[in-house]
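Listed below are the residues making up each chain.
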Amino acid sequence: MTPTAMSMFFTSLAIGTILTLSSFHWLIAWIGLEINTMAILPMMTKTPHPRAIEAATKYFLTQASASALMLFSCLINALQTGEWGMNTPPSMMTNPLSLALTMKLGLAPLHFWLPEVLQGISLPTGLILSTWQKIPPMILLFQISAHISLTLMVILSLTSILIGGWGGIGQTQIRKIMAFSSIGHLGWIILILKFNPQLSIFSFALYIIMTTAMFLSLITLSSTKMSQISTSWTKNPALTTTAMLILLSLAGLPPLTGFLPKLLITLELVKQNMVIFATLTMLASLLALFFYLRLTYIITLTLSPNTHSSLTLWRANTKPYVMYSIISTMALTLLPLAPTILLM
């Protein structure tokens, strides 16, 4: 794909996202989501492989179904209230609209497309799909957070955390593991969307930082399977160690950044007298902790039997990865901000 085409698609992604984020009109927000969907499809099919074509087709059909449900809900809401604004009073179509946005996010039980699509595309496109493409639906959910159903959000979040942990246990493909990781993290985020939308957005920002750092590690190591990442220590020990720490941060272990959203969300649930749900979410997240620790063990505590005796032959070139260094540092060392966040 030529640089001109890539720049055009990235510009379309930015325009669609900005259009959705700055809109107070449901039709304009829907148009922005459609621009986003149309812009990423050529990036998915950049590699002319049957798996990439299949992934792009699944993504298009899923996003088209969610967009149709969203537009239908907005039309019925406009017929009932006479307005297209997002600040209109809640109506009977709030739940279908919330389901359409959660389908675009890939939350369980509407998650079946996400692992298959992420497995069929390249790592750079998977990075965009796991981070940038989730920003517009999450912001729309944030804008209607006062009207969404608490019961629906709790059911979707608990299901997502459980399936996000359960689905990733037996996987050997790292992109599928990252897909189930995304499902589990988004379940934590929407659990407190009704109670504390600002905390939900903060947790979403931390999710984007940690996921970006992990994908950049995989892109640099050129690893898509566990068998490939298990031999990465001899190529780049420092980068492999950083990837291991980022995985532990995604798992939510202290004193890393990933512990911060889980701590704050659990405290918010206890504050709202939802101790039972806080306990259930923490128990369900132990499933995800298992496959994070499994992947960490494979990366750092196992060595390939055919490692070369030379210490420098298979090392990667030492290039200044400035952006990767900044994002990795943020993905590992933001926990000291917890007192500041609690005082806000």
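What you see is a predicted model; the values in this text were computed from it and never measured.

Colleague: Explain the packing of helix 3 (residues 50-81) against helix 5 (residues 113-120) residue by residue, including any values.
Modeller: Relative orientation of the contacting elements helix 3 and helix 5 amounts to 145 degrees, with a least axis distance of 8 Å. The element helix 3 and its partner helix 5 pack so that their crossing is left-handed. Of helix 5, the residues touching helix 3 (which contributes R51, A52, A55, K58, Y59, T62 and Q63) are W113, E116, V117, Q119 and G120. Of the residues contributing to the contact of helix 3 with helix 5, the split by class is 5 nonpolar, 4 polar and 3 charged.

Colleague: Describe the domain arrangement of the chain, listing the residues and the values that go with them.
Modeller: Domain annotation of the chain identifies domain 1 (1-138) and domain 2 (149-306 + 320-337). Taken together, the contacts link 26 residues of domain 1 with 31 residues of domain 2. Note on domain 1 versus domain 2: buried area summed over both sides is about 2500 Å², and carbon and sulfur give 79% of it. Its largest share of buried area at the contact with domain 2, domain 1 owes to Q119, L123 and M138, together 28% of the area lost on that side. If you look at where domain 1 meets domain 2, you find 1 salt bridge. Its salt-bridge partner being K176, residue E116 comes within 3.5 Å of it at the nearest N-O pair. Summed over the shared surface of domain 1 and domain 2, the number is 6 residue pairs in polar contact (both at pLDDT 80 or more). For the side of domain 1 that touches domain 2, the secondary structure elements donating two or more residues are helix 4 (94-105), helix 5, helix 6 (123-130) and helix 7 (135-143). Broken down by class, the residue content of the side of domain 1 that touches domain 2 amounts to 14 nonpolar, 10 polar and 2 charged.

Colleague: Any chance you could break down the UniProt feature "transmembrane region" (unreviewed entry) in the chain for me, citing the residues and the numbers?
Modeller: This chain's UniProt record puts "transmembrane region" (unreviewed entry) on residues 6-33, 139-165, 177-195, 201-221, 233-254, 274-300 and 321-342. As annotated, residues 201-221 comprises 100% helix and 0% strand, and the C-alpha atoms at either end are separated by 30 Å.

Colleague: Help me get a handle on the pattern of salt bridges, residues and values and all.
Modeller: If you walk through the whole model with that rule in mind, you get 3 salt bridges. The shortest N-O distance in the salt bridge between K58 and E54 comes to 2.9 Å. Placement of both K58 and E54 in helix 3 is noted, with a separation of 4 residues, approximately one turn of the helix. For K58, a relative accessible area of 30% gives the class partly exposed. Linking K271 and E268 is a salt bridge whose minimum nitrogen-to-oxygen distance equals 3.7 Å. Residue K271 and its partner E268 are both found in helix 13 (residues 259-271); the two are separated by 3 residues, about one turn of the helix. Owing to a relative accessible area of 6%, E268 belongs among the buried residues under this scheme.

Procedures and definitions
Residues numbered from 1 in each chain as written. Predicted model: local features only at pLDDT ≥ 70, side-chain atom pairs only at ≥ 80, totals over all residues. Heavy atoms only, no water. Axes fitted to C-alpha atoms, helices over the stretch in contact; angles between N-to-C directions. Helix = DSSP H or I, 4+ residues; strand = E, 2+ residues; numbered from the N terminus. Left-handed = near helix turned anticlockwise from the far one by under 90°. Contact = heavy atoms within 4.5 Å. Nonpolar A, V, L, I, M, F, W, Y, C, P; charged D, E, K, R; others polar. Domains from an automatic or database assignment. Buried area = accessible area lost by both parts, 1.4 Å probe. Salt bridge = Lys/Arg side-chain N within 4 Å of Asp/Glu carboxyl O. Polar contact = N/O pair within 3.5 Å; in protein donor to acceptor, adjacent residues only side chain to side chain. UniProt positions renumbered as here; feature names shortened; annotations may be inferred. Buried < 20%, exposed > 50% of the residue type's maximum accessible area, 1.4 Å probe, protein only.

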